[in-house]
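# Coordinate analysis (summary)
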Amino acid sequence: MNEPALRLEAIVKTYNRGRPNAVEVLRSVSLSLEAGEVVALVAPSGAGKSTLLHIAGLLDTADAGRVSIAGRDLTQAPDRTRTEARRRDVGFVYQFHHLLPEFSAAENVILPQLANGTGKAAAADRATVLLDRVGLSGRADHRPAALSGGEQQRVAFCRALANAPRILLADEPTGNLDPATSDVVFDVLLELVRDTGLSALIATHNPDLAARMDRTVRLEDGTLI
Ligand code: ADP
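Since we're looking at a predicted model, the values are computed, not measured.

### Points about the overall build of the chain
In terms of regular secondary structure, the chain is built from seven helices and ten strands. In terms of overall dimensions, the chain is globule-like: its C-alpha atoms have a radius of gyration of 17 Å, near the 17 Å expected for 225 residues. For the chain, the spread of C-alpha atoms along the three principal axes comes to 50 × 40 × 40 Å. Per-residue burial for the chain yields a buried fraction of 47% across its 225 residues. Sequence separation of at least 24 residues holds for 72% of the intrachain contacts in the chain that already meet a minimum separation of 6. Of the charged side chains in the chain, 25 are positive and 28 negative; the average position of the first set lies 5 Å away from that of the second.

Below, the structure is given as structure tokens:
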């Protein structure tokens, strides 16, 4: 039987626990992301969607509950193991591109691969393939400042996929773009995800974008419904 790409079991998270200003953000969140599945995460602002994505992506730890990637429980794993798993298995995309301004589009896609132990030539080849797939082969040598908002975000998708992760976690990936650009760029992201067969959890406020995914989960009052 195939394990889910990502499994969250009864995740609990409270900020400032035990203090008067405690914020109980996640009360009990459980979610399985099957291999190849693309799920929309819809939540009102402040509901805890970034918190959930950070815990799922091993950037933050929960107070209780378990996080497993491809059947491997990483909840209590040492920091080094969690960091390795994150580098290898998880790609992140944020609302803002967060590309390194002094490097070209291609270099921004190459660098995470070098950090993951890929050789220079193979990393450059993969960057070329990815940038080509998102329609940016003519922009590979441009720095982020010389790219449009939609192009910057497409480079950010390529960077997230550079190490061929199992899971893509995206927080409003087209939220900074005007509606028409957002629509086109979101299609590029979905195509890339479908082509590579990876699983994705994509936070969005936009019902039209959510409708293009396999299913929608809503985060309300600290649980998924
Ligand atoms: P969303 O992404 O859905 O807008 P967040 O996950 O960013 O929500 O935040 C959820 C709640 O937790 C908010 O009320 C926010 O103010 C609070 N919060 C987030 N991070 C911290 C933190 N480091 N310390 C205290 N409270 C936090």
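### A look at helix α3 (residues 105-115)
Here α3 has its buried residues at Ala105, Ala106, Asn108, Val109, Ile110 and Gln113. Here the buried face of α3 lies against α4 (120-133) and α5 (149-161). Trailing α3 by a residue or two, Gly117 shows a phi angle of about 95°, which is positive.

### What about the site of the ligand?
Lining the immediate surroundings of the ligand are Tyr15, Asn16, Val25, Pro44, Ser45, Gly46, Ala47, Gly48, Lys49, Ser50 and Thr51. In the environment of the ligand, an oxygen atom lies 3.2 Å from a nitrogen or oxygen atom belonging to the backbone of Ala47. Side-chain polar atom of Thr51 to an oxygen atom of the ligand: 2.5 Å apart, as the coordinates give it. Contact with the protein chains covers 59% of the free accessible surface of the ligand, which is 570 Å². Here the shell around the ligand takes three residues from helix α1 (residues 49-56), the largest share from any one element. Residues that form the shell around the ligand fall into these classes: four nonpolar, six polar and one charged.

### What about the pairing of strand β1 (residues 6-15)?
Pairing analysis gives seven bridges linking β1 to strand β2 (residues 23-33), with the strands arranged antiparallel. Residue Tyr15 lies in a different strand from β2, and its bridge partner there is Val23.

### Describing the packing of aromatic side chains
All chains considered together, the criterion is met by one aromatic pair. A ring pair is formed by Phe92 and Tyr94, whose centres lie 6.0 Å apart and whose planes are at 5°; its orientation type is stacked.

### Focus on the packing of α5 against helix α6 (residues 179-196)
Contact geometry for α5 and α6: axes closest at 10 Å, N-to-C directions at 15°. One element, α5, and the other, α6, form an angle in the roughly parallel class. The two elements α5 and α6 meet at a crossing, and its hand is right-handed. Every residue of α6 that contacts α5 at Gly150, Gln153, Arg154, Phe157 and Leu161 is listed here: Thr181, Val185, Val188, Leu189, Leu192 and Thr196.

### What to know about the pattern of salt bridges
Counting across every chain of the model gives 14 salt bridges. Arg88 is the partner of Asp89 in a salt bridge, and the nearest nitrogen-oxygen pair spans 3.4 Å. For Asp89, a relative accessible area of 9% corresponds to the buried category. With relative accessibility at 37%, the residue Arg88 sits in the partly exposed group. Asp214 serves as the salt-bridge partner of Arg194, at 3.0 Å between the closest nitrogen and oxygen. Taken together, the residues span a long stretch of sequence, with Arg194 in helix α6 and Asp214 in the loop between α7 (207-211) and β9 (215-220) at a distance of 20 residues.

### Digging into the environment of Arg166
For Arg166, the position within the fold is in the loop between α5 and β7 (167-171). Look at Arg166 and you get partly exposed, because its relative accessible area is 42%. Once residues lying within four places of it in the same chain are set aside, the contact partners of Arg166 are Ile69, Ala70, Asp89, Leu198 and Ser199.

### Some remarks on the nonpolar core
Counting residues in each nonpolar core, the largest one holds 40 residues, and the members touching the most others are Val109, Leu131, Val155, Leu168 and Ile202. Excluding residues within four positions of it along the chain, Val155 makes contact with Leu99, Ala105, Asn108, Val109, Leu131, Leu136 and Leu147. Ala43, Leu53, Val90 and Leu219 belong to the second-largest nonpolar core, a separate cluster that totals 32 residues.

### Comments concerning a nonpolar patch on the surface
A cluster of nonpolar side chains, namely Leu100, Leu111 and Leu114, defines an oily patch on the protein surface of about 200 Å² accessible area. Tracing the backbone shows Leu100 in the loop between β6 (90-93) and α3.

Conventions and cut-offs
- Residues numbered from 1 in each chain as written.
- Predicted model: local features only at pLDDT ≥ 70, side-chain atom pairs only at ≥ 80, totals over all residues.
- Heavy atoms only, no water.
- Helix = DSSP H or I, 4+ residues; strand = E, 2+ residues; numbered from the N terminus.
- Rg over C-alpha atoms; globule rule 2.2 N^0.38 Å.
- Buried < 20%, exposed > 50% of the residue type's maximum accessible area, 1.4 Å probe, protein only.
- Contact = heavy atoms within 4.5 Å.
- Lys, Arg positive; Asp, Glu negative; His and termini not counted.
- Charge placed at Lys NZ, Arg CZ, Asp CG, Glu CD.
- Near = heavy atom within 4 Å.
- Polar contact = N/O pair within 3.5 Å; in protein donor to acceptor, adjacent residues only side chain to side chain.
- Areas by Shrake-Rupley, 256 points an atom, 1.4 Å probe, with all protein chains shown as cover.
- Nonpolar A, V, L, I, M, F, W, Y, C, P; charged D, E, K, R; others polar.
- Pairing = 2+ DSSP bridges.
- Phe/Tyr/Trp six-rings, centres within 6.5 Å; stacked < 30°, edge-to-face > 60°.
- Axes fitted to C-alpha atoms, helices over the stretch in contact; angles between N-to-C directions.
- Parallel < 35°, antiparallel > 145°, perpendicular 65-115°, else oblique.
- Left-handed = near helix turned anticlockwise from the far one by under 90°.
- Salt bridge = Lys/Arg side-chain N within 4 Å of Asp/Glu carboxyl O.
- Core = buried A, V, L, I, M, F, W, Y, C linked by side-chain atoms within 4.5 Å.
- Patch = residues over 30% accessible without salt bridge, like charges linked within 9 Å, V, L, I, M, F, W, Y side chains within 5 Å.

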